[in-house]
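Chain residues, written in single-letter form:
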Amino acid sequence: MYILAIESSCDDTSAAVLEDDRRVLSNVVSSQFDVHARYGGIVPELASRRHIESIWPVVHSALDEASVSLKDIDLIAATRGPGLVGSLLVGFTFAKALALVNNIPCVGVDHMAGHLLSVFLEKETPQFPYIALIVSGGNTTIFKVSGTTEFTTLGRTRDDAAGEAFDKVAKLLELGYPGGPVVDKTAKLGNPKAISFPRAWLGEGSLDFSFSGLKTSVLNQVNRLRQKNEAPNLPDICASFQSAVVEVLVEKTMLAAKLADITSIVIGGGVGANSHLRSQMAHRCNMEGFKCYLPSPVYCTDNGAMIGIAGYHAYKHGSMVLPDTDVYPRSPLIMI
Ligand code: KG4
């Protein structure tokens, strides 16, 4: 079965072609950094407009790279939510129209399900159940994954997502956009113990997160220095901030695995590309006898291939969309 998968939930337009749930034949991603960089964050209306311009060329490239035509496609999968409504509408409506015109079945995919299953795009894959930390610009959530369509929320952020904190800290330090990769790079030159930023544990045994206080603490630190006309030591601030985020992410994920008596841990989402998070999670798992699965960075950040794999399983479980099926901005997978 050939699957054409489309992802447009935020600021990346992506299309992929997969053969079943195994082989990725193409995975084309068109990012919009040039559109949003000057604003230091995503401007939803501009994101939708760029998706409209990019969607056909990106789908064409994905088909070309996979050496298939629309006639070969057996299933179209597209992100239905959560995300920016305007962005979602472009990809999802495009997918439904393409499916309708070409008489191809179409399935709507939850973006979180894509992140949760992206590990299956790699050679080494976990057994069910596993614990997954999905950490991106819009989400920071710990799940128990019991099967290809069985996901339980164990903990989630009560305010900012970790990626949002990375982006906001980068903006206040005037490091550019997107913030995560540049903070990651700058942190490599700094001392993670230079500044003791707060860690929000939210009570013993809590699997929830909070990053708004940490973000404010970085802001206060920078303002104090600026008032004294002192230049902030950017590498030290980045390293200390990143260390505070990663410590909480790793500790709570390990705790979730221990409480659920599960020995496999998976990371997904854009912040899953963070070098410190990857090394710390791998190290802790290694020390404590857990198995750690880290999808390559290209499958952590938004991509069509993960939507293809989640779409394949949703379809096999009987999911299909009708022409009037709508997108949704918030994920039903995340229990409040
Ligand atoms: O999953 P993603 O591509 O998009 C969604 O938010 O759905 O994640 C994007 C987020 C952004 O906040 C970006 O700054 C962050 O992931 N990110 C990183 C890194 N690469 C991307 N954060 C920390 N370190 C990175 N290396």
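Now for a description of the structure that goes with this document. Keep in mind the model is a prediction, meaning the values are calculated, not measured.

Here we take up the site of the ligand. Lining the immediate environment of the ligand, one finds 19 residues, of which Gly137, Asp167, Gly180, Asp184 and Gly270 sit closest. Between the ligand and glycine 163 there is a distance of 3.1 Å, counted from an oxygen atom to a backbone nitrogen or oxygen. Between the ligand and aspartate 184 there is a distance of 3.0 Å, counted from a nitrogen atom to a side-chain nitrogen or oxygen. Taking 560 Å² as the accessible area of the ligand by itself, protein coverage stands at 89%. A class-by-class count of the residues in the shell around the ligand yields five nonpolar, 11 polar and three charged. Counting contributing residues per domain, the shell around the ligand is built from domain 1 (2-116 + 300-316) and domain 2 (123-294), each supplying no fewer than three.

Before going further, it helps to examine the packing of helix α7 (residues 212-227) against helix α8 (residues 234-260). Two elements in contact, α7 and α8, have axes whose closest approach is 11 Å; the angle formed by their N-to-C orientations is 165°. When the interaxial angle is binned, α7 and α8 end up roughly antiparallel. Crossing hand, α7 versus α8: right-handed. In this structure, α7 uses Leu214, Val218 and Val222 to contact α8, whose residues at the interface are Ile237, Phe241, Ala244 and Val245.

On inspection of all chains with the given rule, the structure shows seven aromatic pairs. Ring geometry for phenylalanine 33 against tyrosine 177: centres 6.4 Å apart, planes inclined by 80°, an arrangement best described as edge-to-face. In this pair, phenylalanine 33 sits in helix α1 (residues 33-36) while tyrosine 177 sits in the loop between α5 (162-172) and α6 (179-187), placing the two residues 144 residues apart along the sequence. Judged by its relative accessible area of 38%, phenylalanine 33 falls in the partly exposed class. For tyrosine 177, a relative accessible area of 14% puts it in the buried group. Centre to centre, the rings of tryptophan 56 and phenylalanine 94 are 5.3 Å apart; their planes meet at 90°, and the pair counts as edge-to-face. Placement of the pair is tryptophan 56 in helix α2 (residues 44-66) and phenylalanine 94 in helix α3 (residues 85-102), with a sequence separation of 38 residues. According to the relative accessible area criterion, tryptophan 56 is partly exposed, its value standing at 39%. Counting every residue linked through ring pairs, the aromatic cluster contains Phe120, Phe128 and Tyr130. A cation sits over an aromatic face here: lysine 291 above tyrosine 293, 5.2 Å from the ring centre.

Right, let's get into unusual backbone geometry. The linkage connecting glycine 81 with the following residue, proline 82, adopts the cis geometry, with an omega of -10°. Mapped onto the fold, proline 82 is located in the loop between β4 (75-81) and α3. Omega for the peptide link from tyrosine 177 to proline 178 comes to -5°, which places this bond in the cis form. At asparagine 103, a residue that is not glycine, the phi angle is positive and equals roughly 60°. You can see asparagine 103 is positioned in the loop between α3 and β5 (106-110). Residue asparagine 103 is classed as exposed on the basis of its relative accessible area of 72%. At glutamate 174, a position not held by glycine, the phi torsion is positive, near 55°. One can find glutamate 174 in the loop between α5 and α6. Since its relative accessible area comes to 68%, glutamate 174 is described here as exposed.

Our next topic: the sheet that holds β5. Here we have five strands laid out as an open sheet, ordered β3-β2-β1-β4-β5, and mixed in their pairing. Strand pairing shows two members of the sheet lacking a second neighbour, β3 (23-31) and β5, which therefore form its edges. Averaged over all adjacent pairs, the angle separating strand axes in this sheet is 20°, with direction ignored. When strand β1 (residues 2-7) meets β4, the two strands line up parallel, connected through four bridges. When the sheet's bridge partners are listed, isoleucine 3 is paired in β4 with leucine 75. Its contacts with the sheet put helix α11 (residues 304-316) on β1, β2 (12-19), β3, β4 and β5, and the angle it makes with β1 is roughly 120°.

Further remarks concern the state of the cysteines. Inspection of every chain in the model, using the stated rule, returns zero disulfides. Looking at the unpaired cysteine 300, the closest cysteine sulfur is the one in cysteine 292, lying at 11 Å. On the accessibility criterion, cysteine 300 (0% relative accessible area) is buried.

This next bit is on α5. Taken together, the buried positions of α5 are Ala162, Gly163, Ala165, Phe166, Val169, Ala170 and Leu172. Backbone geometry just downstream of α5 places glutamate 174 in the positive-phi region, at approximately 55°.

This part takes up α11. For α11, spanning 13 residues, the distance from its first C-alpha to its last is 18 Å, which sits close to the expected 18 Å at 1.5 Å a residue. Most of α11 sits out of view: 11 of its 13 residues are buried. Taken together, the buried positions of α11 are Gly304, Ala305, Met306, Ile307, Gly308, Ile309, Ala310, Gly311, Tyr312, His313 and Ala314. Its side-chain oxygen at 3.2 Å from the backbone nitrogen of alanine 305, asparagine 303 defines the N-terminal cap of α11. Where α11 terminates, the next one or two residues include glycine 318, which has phi positive at roughly 90°.

How each quantity is defined
Residues numbered from 1 in each chain as written. Predicted model: local features only at pLDDT ≥ 70, side-chain atom pairs only at ≥ 80, totals over all residues. Heavy atoms only, no water. Near = heavy atom within 4 Å. Polar contact = N/O pair within 3.5 Å; in protein donor to acceptor, adjacent residues only side chain to side chain. Areas by Shrake-Rupley, 256 points an atom, 1.4 Å probe, with all protein chains shown as cover. Nonpolar A, V, L, I, M, F, W, Y, C, P; charged D, E, K, R; others polar. Domains from an automatic or database assignment. Axes fitted to C-alpha atoms, helices over the stretch in contact; angles between N-to-C directions. Helix = DSSP H or I, 4+ residues; strand = E, 2+ residues; numbered from the N terminus. Parallel < 35°, antiparallel > 145°, perpendicular 65-115°, else oblique. Left-handed = near helix turned anticlockwise from the far one by under 90°. Contact = heavy atoms within 4.5 Å. Phe/Tyr/Trp six-rings, centres within 6.5 Å; stacked < 30°, edge-to-face > 60°. Buried < 20%, exposed > 50% of the residue type's maximum accessible area, 1.4 Å probe, protein only. Lys NZ or Arg CZ within 6 Å of the ring centre and 35° of its normal. Pairing = 2+ DSSP bridges. Disulfide = S-S within 2.5 Å. Expected span 1.5 Å × (residues − 1).

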